[in-house]
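# Coordinates in review
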Amino acid sequence: MNIEELKKIISKHLGIDNFSEKDRDEIISRLGENIMKRASLSAFSMLSHKEQVEFSEIASSGDPEKAHAFLLSKVPNIKNLIQKEAEEELKDIKKFSKN
């Protein structure tokens, strides 16, 4: 799953198509970050100790594309994992917004 696909999913599920582009981009950016963090945490446990150390170094460098590329190369089902975490994040947001 790439960033554009993630943006479409977020926009569709939250019904923010009518928001200004600036507001929509801000919401999508923040949610995208949360989703990628969730997916990274889930994927971390699937890595070997050596890969965990390597991923930690990459993640702390602040380059999300490099971190994503690393996970793509090491976790075979990372795209499904990101999809699952996106759905969970959106479900959590919808649940929170109903309260």
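Scroll up to find the structure.
Residues numbered from 1 in each chain as written. Predicted model: local features only at pLDDT ≥ 70, side-chain atom pairs only at ≥ 80, totals over all residues. Heavy atoms only, no water.

## Remarks on the pattern of salt bridges
Side chains bearing opposite charge may pair, as long as their charged atoms lie close to each other. Enumeration according to the criterion identifies 6 salt bridges in this entry. Here R30 and E26 are joined by a salt bridge, their closest N and O atoms 2.4 Å apart. Taken together, the residues R30 and E26, both in helix 2 (residues 21–44) and 4 residues apart, mark about one turn of the helix. Among the residues examined, R30 registers a relative accessible area of 56% and is labelled exposed. A residue is classified by how much of its surface remains accessible, and E26, at 39% relative accessible area, is partly exposed. (Salt bridge = Lys/Arg side-chain N within 4 Å of Asp/Glu carboxyl O. Helix = DSSP H or I, 4+ residues; strand = E, 2+ residues; numbered from the N terminus. Buried < 20%, exposed > 50% of the residue type's maximum accessible area, 1.4 Å probe, protein only.)

## Structural notes on the environment of M36
Along the chain, the position of M36 falls in helix 2. In this structure, the C-alpha to C-alpha distance between M36 and K94, residues 58 residues apart in sequence, is 18 Å. With sequence-adjacent residues up to four places away left out, M36 is seen in contact with H68 and I82. (Contact = heavy atoms within 4.5 Å.)

## Concerning the nonpolar core
I10, L71 and I78 are the most contacted members of the largest nonpolar core, which has 22 residues in total. Taken together, the elements giving at least two residues each to this core come down to helix 1 (3–14), helix 2, helix 3 (49–60), helix 4 (64–74) and helix 5 (78–98). No other element matches the 6 residues that helix 2 contributes to this core. Apart from residues lying up to four places away in sequence, I10 is in contact with I28, L31, G32, I35 and L90. (Core = buried A, V, L, I, M, F, W, Y, C linked by side-chain atoms within 4.5 Å.)

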